[in-house]
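# Coordinate inspection notes
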Amino acid sequence: MSVPRSEYLSTAWRDGIFANRVLFITGGAGSIGSAQTRAMVHLGADACIIGRSVEKTEAAAKEIAKVRNGARVIGIGGVDVRSYDSLKAAADRCVKELGSIDFVVAGAAGNFIAPIAGLSPNAFKSVIDIDTIGTFNTIKATIPYLIESAARNPNPNDDGTTGGRFVSTSATFHYTGMPLQSHVSAAKAAIDSLMGSVALEYGPYGVTANCIAPGAIEGTEGMERLASASIDRRTRTKGVPSGRWGSVRDVADATVFVFSDAGNYVNGTNLVVDGAGWRRQGAL
Ligand code: HXC
């Protein structure tokens, strides 16, 4: 079979591996989230994108649907991951309209640059609420559907089908601590822990749960926010052992791997996609 070309995907993957499967993704209109969604849709999945902004979320869904003829991509805006009820309603609507939830990406996140002394208690709490509580809410709203999907798609199996997989977008800040990012660091550490618990509790049902921890990814909102705070781009690029910043495609490829048959036995772990950058991080 010919291998599809896509700027969001390496050539390692073949057509249709996610046919008849549905991706549910929070933050799916963002730079990393939309690349993950494009890659999955390119390879056959349908998708449901969740976001706070109605306009941005619906526009992203429309654009992503163009990736593949016949792709069904819906955008559900007006959903704040801090509200369990609105997430639950979105998950139920996804299943009603698209038939299932087979893969979940918890990608919604909040970030800004601030020293600890400049963080109000509410500022710290806002990021914990979006990142950590939002990931918990996403797990809680979707895990019954992932258990059903895993039962329909036992892994490993003979036909290359997968389902029942959860990926959280984490970070590497908490491996070392990170100036001006104490709030994000703490929130992401908790997300790593949550994925471990999901792997332990629901692994026996066939569900997998992993973190993907991107490093400095070019062209993302997060990087714009961080890089604008006196981080010299050239210096930082030199500091990455792989010699470059990451691309959204690097993260999309990692996501496809974890969701694919190739990732059947990858459970409860952190896949760091950062060119070994975290090994040199920690001081500005
Ligand atoms: C100090 C700040 C601040 C800043 C906001 N606050 N910005 N404090 N420095 N720069 C404070 C506010 O004063 C307020 O505290 C509290 O945070 C909540 O702010 P609100 O604006 O009321 O909250 P909300 O509208 O919910 O917005 C949440 C947000 C915002 C996190 C502050 O930035 C947001 O919505 N972000 C979502 C999009 C986003 O950040 N995307 C990038 C993700 S990238 P007080 O005390 O005044 O009430 C990412 C990368 C991770 O996560 C790292 C990867 C390598």
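Note that the structure is a prediction, hence the values are computed from the model and not measured.

What counts, and at which threshold
Residues numbered from 1 in each chain as written. Predicted model: local features only at pLDDT ≥ 70, side-chain atom pairs only at ≥ 80, totals over all residues. Heavy atoms only, no water. Near = heavy atom within 4 Å. Polar contact = N/O pair within 3.5 Å; in protein donor to acceptor, adjacent residues only side chain to side chain. Areas by Shrake-Rupley, 256 points an atom, 1.4 Å probe, with all protein chains shown as cover. Helix = DSSP H or I, 4+ residues; strand = E, 2+ residues; numbered from the N terminus. Nonpolar A, V, L, I, M, F, W, Y, C, P; charged D, E, K, R; others polar. Contact = heavy atoms within 4.5 Å. Core = buried A, V, L, I, M, F, W, Y, C linked by side-chain atoms within 4.5 Å. Buried < 20%, exposed > 50% of the residue type's maximum accessible area, 1.4 Å probe, protein only.

Turning our eyes to something else, we now look at the site of the ligand. Residues in close proximity to the ligand total 20 residues, the closest being Arg52, Arg82, Asn111, Ser120 and Asn122. Between the ligand and Arg82 there is a distance of 2.9 Å, counted from an oxygen atom to a side-chain nitrogen or oxygen. A distance of 2.8 Å is found between an oxygen atom of the ligand and a backbone nitrogen or oxygen belonging to Asn111. For the ligand, whose unbound accessible area comes to 1100 Å², protein coverage reaches 61%. For the shell around the ligand, the secondary-structure elements that each account for two or more residues are helix H4 (121-152) and helix H7 (221-227). Element by element, the count of residues in the shell around the ligand is highest for H4, at four residues. Classifying every residue of the shell around the ligand by side-chain character gives eight nonpolar, eight polar and four charged.

Mapped onto the fold, Gly16 is located in the segment before strand E1 (22-26). Taking the C-alpha atoms as reference points, Gly16 and Tyr202, 186 residues apart in sequence, are found 27 Å from one another. Look past the residues within four positions of Gly16 in its chain and what remains in contact with it is Leu43 and Gly44.

In this section: the nonpolar core. Phe18, Leu23, Met40, Val73, Val256 and Phe259 are the most contacted members of the largest nonpolar core, which has 35 residues in total. When contributions to this core are tallied by element, the ones reaching two or more residues are E1, helix H1 (31-42), strand E2 (46-50), helix H2 (54-65), strand E4 (103-106) and helix H9 (248-259). Sorting elements by how many residues they give to this core places H9 first, with seven residues. Sequence-distant contacts of Met40, defined by excluding residues within four places in its chain, comprise Phe18, Leu23, Ala45, Phe103, Val256 and Phe259. Judged by nonpolar contacts, the second largest core, of 33 residues, contains Ile143, Leu146, Phe166 and Val198.

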